[in-house]
Amino acid sequence: MAGLTEFRRVAETVRNWGRWGDTDELGTLNLITERKIADAARLVRHGKVFPLGVDFGSSGPQGAFQFRHNPIHVMTVDGGDVNTLAHYGPEWQRNIVAQQLSEFFVDNPFRFNDDMIVMPLQAATQWDALSHVYYDDQLYNGFPAGSVTSLGAYHCGIDKVDGKGITSRGVLLDVVAHRGADTFLPLGTPITPDELDEVARAQRVTVEPGDIVLVRTGWWQRFRQTGDGAEPGAGLDWRCASWLHDHDVAAVAADNLMVENPVSGVDGTYLPLHMLCLRDMGLMLGEYWDLGALAADCAADGIYEFQLVAPPLRVTGGVGSPVNPIAIK
């Protein structure tokens, strides 16, 4: 196991602070150029669409951590309200909400349903914003960690990404298929930089600057079988930060709960890959992506590149965002 001294040495080599200017809040998304976006669009040959997002609902993967729960879906207006308010509405003058709703329903055929959702922004398929993780009281590009307050992230919030958008060439690295595993990669077998190269060679695909790399570990398929969102599985070893940096990857996403391996690999700290990617490199992480159908199609036609469209919601000051990414081949 490495120590913090080695971790800080790697951090210095991958750090992108100032690379795109002292005020930059986009990080490696700057690597997605207009030419890159146009080239990605030309990868669409058949018009096949693969949604990579999972359900946002009560059976989602959250709950193991008490500070993050599954979405709560609440109906605010439904058919029962219509029948009740249309009949009793005029008598309910003291209830302002009932009075207002009843005015829609009385003496006309118009009806509607309304709902709302309460959830962590990282409840299911999502992006981590650059403000999500930090250390030494600094965010990406040296912005102060204190600029994230109870009102949200002033610097490096997910809303800063909206103007840029997230669409590029996507590359799937199907590690679970490469290993020949039955379902998923068990804990204790982290994915190394050398293995990422092996998978790319075996799939005859090259990772290029500005690409968004998707890593399939089989974790989501396993979760669908067991419903156990707390079961750990293998992810990227922390040293993959150097691999991502050397390949000028724009973003990375996986089908597991934290992209990286749950066992730190660096003595004295937790989730070192998160720190290196988000805080030092300015590289966003995507978690809980469903890569099963895409992987099956890639295996069938031998093509592991595609156009990927995955813009986050413009949540002002958010440190993450739900997303329903789409791969198009």
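Residues numbered from 1 in each chain as written. Predicted model: local features only at pLDDT ≥ 70, side-chain atom pairs only at ≥ 80, totals over all residues. Heavy atoms only, no water.

Within an unreviewed UniProt entry, the label attached to the protein chain reads Cyclase family protein, and the organism entered is [Mycobacterium] kokjensenii.

Peer 1: Break down the nonpolar core for me, citing the residues and quoting the values.
Peer 2: Of all hydrophobic cores here, the largest spans 73 residues; its most connected members are Trp127, Leu214 and Trp289. Val54, Phe184, Trp219 and Leu257 belong to the second largest nonpolar core, which has 10 residues in total. (Core = buried A, V, L, I, M, F, W, Y, C linked by side-chain atoms within 4.5 Å. Buried < 20%, exposed > 50% of the residue type's maximum accessible area, 1.4 Å probe, protein only.)

Peer 1: Report on the state of the cysteines, specifying residues and quantitative values.
Peer 2: Under the defined criterion, the tally for this structure stands at 0 disulfides. This cysteine, Cys298, is not joined by any disulfide, and Cys240 carries the nearest cysteine sulfur, 20 Å off. Taking relative accessible area as the criterion, Cys298 reaches 0% and is therefore assigned buried. (Disulfide = S-S within 2.5 Å.)

Peer 1: Describe in detail the side chain of Asn70, supporting the description with residues and values.
Peer 2: Structurally, Asn70 can be placed in the loop between strand 1 (49–51) and strand 2 (72–77). At 3.4 Å, the side chain of Asn70 and the backbone oxygen of Ser58 are in polar contact. Separated by 3.2 Å, the side chain of Asn70 and the backbone oxygen of Gly60 make a polar contact. (Helix = DSSP H or I, 4+ residues; strand = E, 2+ residues; numbered from the N terminus. Polar contact = N/O pair within 3.5 Å; in protein donor to acceptor, adjacent residues only side chain to side chain.)

Peer 1: For the sheet that holds strand 9 (residues 251–254), give the residues involved together with the corresponding values.
Peer 2: Read from one edge to the other, the open sheet built from 9 strands follows the order 1-13-11-7-8-9-10-4-12, with strand pairing classed as mixed. Two strands bound the open sheet, and with one partner strand each, they are strand 1 and strand 12 (320–322). Across the sheet, the axes of successive neighbouring strands diverge by a mean angle of 25°, strand direction being ignored. Across 5 bridges, strand 7 (residues 167–174) lies against strand 11 (residues 305–309) in antiparallel orientation. Considered in strand 11, the bridge of Thr167 is made with Val309. Each of strand 7 and strand 11 is contacted by helix 2 (residues 34–41), which is oriented at about 60° to strand 7, the strand it contacts most. Lying over the sheet, helix 10 (residues 292–301) contacts strand 1, strand 7, strand 8 (212–216), strand 11 and strand 13 (326–328), oriented at roughly 80° with respect to strand 7. (Pairing = 2+ DSSP bridges. Axes fitted to C-alpha atoms, helices over the stretch in contact; angles between N-to-C directions. Contact = heavy atoms within 4.5 Å.)

Peer 1: Requested: an account of the pairing of strand 8, with residues and values cited.
Peer 2: Extensive coverage of strand 8 is indicated by the burial of 5 of its 5 residues. With burial as the criterion, each face of strand 8 is covered, one bearing Ile212, Leu214 and Arg216 and the other bearing Val213 and Val215. Looking at chain direction, strand 7 and strand 8 are connected through 5 bridges and run parallel. Bridge pairing in strand 8 links Leu172 to Leu214. Two strands pair when backbone bridges link them, and strand 8 and strand 9 are joined in this way by 4 bridges, in the parallel orientation. The residue bridging Val213 from the neighbouring strand is Val252, located in strand 9.

Peer 1: So what about the environment of Ile37? Which residues, and what values?
Peer 2: Looking at the secondary structure, you find Ile37 in helix 2. Ile37 sits in the partly exposed class, given a relative accessible area of 29%. Between the alpha carbons of Ile37 and Gln307 there is a distance of 8.5 Å; along the sequence they are 270 residues apart. Those residues in contact with Ile37 that sit more than four places away from it in its chain are Ile32 and Thr167.

Peer 1: Please give an account of helix 6 (residues 193–203) that cites residues and values.
Peer 2: Those residues of helix 6 that fall on the buried side of the exposure criterion are Pro193, Glu195, Leu196, Val199, Ala200 and Gln203. Down the axis of helix 6, the buried set is contained in an arc of 160°. They therefore lie on one face. Turned more than 90 degrees away from the buried face of helix 6 sit Asp194 and Arg201, all of them exposed. Residues of helix 6 that are buried sit in contact with strand 7, helix 5 (175–179) and helix 8 (240–246). (Arc of directions from axis to C-beta.)

Peer 1: Describe the packing of aromatic side chains, with residues and values.
Peer 2: Where two aromatic rings form a pair, the distance of their centres and the angle of their planes describe that pair. For the structure on display, the rule yields 8 aromatic pairs. Aromatic side chains Trp127 and Trp289 sit 5.1 Å apart centroid to centroid with 75° between the ring planes, which places their arrangement in the edge-to-face category. Note that Trp127 is positioned in strand 4 (residues 126–128) and Trp289 in the loop between strand 10 (284–287) and helix 10, a separation of 162 residues in sequence. A relative accessible area of 0% places Trp127 in the buried class. Considering the side-chain rings of Trp219 and Trp220, the 6.3 Å spacing of their centres and the 40° angle between planes classify their relative orientation as tilted. Trp220 shares its class with Trp219; the two are buried. (Phe/Tyr/Trp six-rings, centres within 6.5 Å; stacked < 30°, edge-to-face > 60°.)

Peer 1: Describe in detail a nonpolar patch on the surface, supporting the description with residues and values.
Peer 2: There is a patch of nonpolar side chains on the surface, built from Ile72, Val74, Met116 and Val118 and spanning about 300 Å² of accessible area. Breaking the nonpolar patch down by element, the ones donating at least two residues are strand 2 and strand 3 (114–118). Along the chain, the position of Val118 falls in strand 3. (Patch = residues over 30% accessible without salt bridge, like charges linked within 9 Å, V, L, I, M, F, W, Y side chains within 5 Å. Areas by Shrake-Rupley, 256 points an atom, 1.4 Å probe, with all protein chains shown as cover. Salt bridge = Lys/Arg side-chain N within 4 Å of Asp/Glu carboxyl O.)

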